[in-house]
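Here is what each chain is made of, one letter per residue.
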Amino acid sequence: MPKMKTNRSAAKRFKVTARGKLRRKHAFHSHLLVHKNPKRKRRLAGADFVDESEARRMRRLIPYL
């Protein structure tokens, strides 16, 4: 069986925690921040986990991470 290829865009966006969960960044926190209020920017700054319903699909994209 040949090796599976890692989807490089997914590998750059997701990190696997020690317990195997996938961490991701929030969208809408890279630019156009002037009109967003501070509370919203703080909330978007932190990382979040990928929902379990989506995590299985994402793990197929990054088989060796």
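Treat the numbers as computed from the prediction; the structure is a model and nothing was measured.

Now for the packing of aromatic side chains. One pass over the full model with this rule turns up zero aromatic pairs. The ring of F49 has K21 sitting right over it, with the charged end atom 5.2 Å from the ring centre. Lying across the ring of F49, R23 places its NZ or CZ 5.4 Å from the centre.

Time to look at the side chain of K36. Turning to its location among the elements, K36 is positioned in the loop between β2 (22-24) and α2 (38-45). Buried and without a salt bridge, K36 has D48 as its closest oppositely charged side chain, separated by 16 Å. Among the polar contacts made by the side chain of K36, one reaches the main-chain carbonyl oxygen of H31 at a distance of 3.5 Å. Apart from residues lying up to four places away in sequence, K36 is in contact with F28, H31 and K41.

Calculation notes
- Residues numbered from 1 in each chain as written.
- Predicted model: local features only at pLDDT ≥ 70, side-chain atom pairs only at ≥ 80, totals over all residues.
- Heavy atoms only, no water.
- Phe/Tyr/Trp six-rings, centres within 6.5 Å; stacked < 30°, edge-to-face > 60°.
- Lys NZ or Arg CZ within 6 Å of the ring centre and 35° of its normal.
- Helix = DSSP H or I, 4+ residues; strand = E, 2+ residues; numbered from the N terminus.
- Buried < 20%, exposed > 50% of the residue type's maximum accessible area, 1.4 Å probe, protein only.
- Lys, Arg positive; Asp, Glu negative; His and termini not counted.
- Salt bridge = Lys/Arg side-chain N within 4 Å of Asp/Glu carboxyl O.
- Polar contact = N/O pair within 3.5 Å; in protein donor to acceptor, adjacent residues only side chain to side chain.
- Contact = heavy atoms within 4.5 Å.

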